[in-house]
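Here is what each chain is made of, one letter per residue.
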Amino acid sequence: CVAVLAKYENQINVFSELLDELPDTEEPLWILGQRYDVRAEKSELLSDVRSRLWFTYRKKFSPIGGTGPSSDAGWGCMLRCGQMILAQALVCWHLGREWRWDKDGRHPEEYRRILHCFLDKKDSCYSIHQMAQMGVGEGKLVGEWYGPNTIAQVLKKLALFDDWNSLAVYVSMDNTVVIEDITVKCHGSSRPRATSSYPHPYLRSEWKPLLLIIPLRMGINHINPVYIEALKECFKMPQSLGVLGGKPNLAYYFIGFIGEELIYLDPHTTQLAVESEAGGAVDDQSYHCNRSPHRMKVTSLDPSVALGFFCKTEEDFDSWCGLVQQEILRKSRLRMFELVEKHPPHWPPFVPPTKPEVHTTGAEFIESTDKLFESEEEFEILNV
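Computed from a predicted model, the values in this text were never measured in an experiment.

Caption draft 1: Spatial organisation of the overall build of the protein. If you tally the helices and strands in the protein, you get 11 helices and 13 strands. For the protein, buried positions account for 53% of its 384 residues. For the protein, contacts bridging at least 24 residues in sequence account for 71% of all contacts bridging at least 6. Here the protein has roughly 17900 Å² of accessible surface; of this, 50% comes from carbon and sulfur atoms.

Caption draft 2: Looking closely at the pairing of strand 11 (residues 294-297). Only one face of strand 11 is covered, namely the face carrying His294 and Met296; the face carrying Arg295 and Lys297 is uncovered. The pairing of strand 9 (residues 261-265) with strand 11 spans 4 bridges and is classified as antiparallel. Following the sheet pairing, Tyr264 is matched in strand 11 by His294.

Caption draft 3: Region of interest: the pairing of strand 6 (residues 210-217). The buried count for strand 6 comes to 7 of 8 residues, which makes it a mostly enclosed element. In this structure, strand 4 (residues 168-171) lies alongside strand 6, joined through 4 bridges in parallel fashion. Across the sheet, the residue bridging to Ala168 is Leu210, located in strand 6. Relative to strand 12 (residues 304-311), strand 6 is paired through 8 bridges, and the arrangement is antiparallel. Each bridged residue has a counterpart across the sheet, and for Leu212 the counterpart in strand 12 is Phe309.

Caption draft 4: Here's a closer look at the confidence of the model for the protein. Looking at the protein as a whole, its pLDDT mean stands at 84, while 81% of the residues score no less than 70. A low-confidence stretch, residues 190-200 (pLDDT under 50), is modelled with 13 contacts involving residues beyond four sequence positions or located in other chains.

Caption draft 5: Quick peek at the nonpolar core. Among the nonpolar cores identified, the biggest contains 73 residues, and Ile31, Leu53, Phe118, Tyr126 and Tyr253 are the most heavily contacted of them. Apart from the residues lying within four places of it in its own chain, the contact partners of Phe118 are Phe55, Gln83, Leu86, Ala87, Leu90, Ser124, Tyr126 and Ser127. In terms of nonpolar packing, the next biggest core, distinct from the first, is built from 46 residues, Val177, Leu250, Leu301 and Phe337 among them.

Parameters at a glance
- Residues numbered from 1 in each chain as written.
- Predicted model: local features only at pLDDT ≥ 70, side-chain atom pairs only at ≥ 80, totals over all residues.
- Heavy atoms only, no water.
- Helix = DSSP H or I, 4+ residues; strand = E, 2+ residues; numbered from the N terminus.
- Buried < 20%, exposed > 50% of the residue type's maximum accessible area, 1.4 Å probe, protein only.
- Contact = heavy atoms within 4.5 Å.
- Areas by Shrake-Rupley, 256 points an atom, 1.4 Å probe, with all protein chains shown as cover.
- Pairing = 2+ DSSP bridges.
- pLDDT = per-residue confidence, 0-100.
- Core = buried A, V, L, I, M, F, W, Y, C linked by side-chain atoms within 4.5 Å.

What follows is the structure, given as structure tokens:
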């Protein structure tokens, strides 16, 4: 078993080595809305991937809930992927999509604040502690594996407690994105009685930046090939935050594609928890991936995924709607999801969520995570 794991570790190459292994092709490589020529833009591509915040398993953090697990190895991969897609939204908002991380450079205060949101301690807004405990309300024990839809619901609830960002998180229902509901959510609108002097249906306030998550099932046991081209188009959109998905009980954060292969960051590396230093400084070297972002054939993707998009302004959202209509809905024989103007009349009324009450005790902890760890390790070894 040790030999197999060692062999697995030896197969992890640095990104520059991976680039030499990429097919010698003129096909573009896409990373979160950015197009790269593999032959001519290797260094720029490397810098882009390395600049994404990379969250992995951690160990030796304070026990979740005081008496729960002190490591998420074996069960927290989807939570870590959820952290990555949310962190990318915050980076795009505060630093911009063109921002790049420099391991020897000074970074803006906003970067430090973003990183602090995800540190492995109970008072960080999007820590593994907060995410695991919020998952109890979604029917998940602390220490239990999450799927893409569950993590989307957890992010939506946690965002309500984030006073710094005030991010509007919209999670679609029934494969349908409703423009009217997003407008209400992002403008914080109320519904006044219409009058001749105010015919508009909403009192509009300033637009809240939007994190749009679309949970989908693109097949039964395997991804239906009819959806593959539409999935690729999502990575090309400038609003793209990537895709949450992977294989059964193995979550990955997909950030792009080349040809028929998806490119992803892998959270299945266990690192020591990082403590903030005096003055709030954080050693951030382990939060950026200098290893290769792995590649996987798109046909190997589990059909259960969640698409992510970020719209900083209402103009960004309008542009995204136009791209969806043009590149996905009009070109697809079988639509990956629907985009509608009005709230469906047969749905319950749309009510923007409010802060939920959180009640978590030791009773919600999974009895033993040892078996979870063992089962996932076996699964990973079998898939080497």
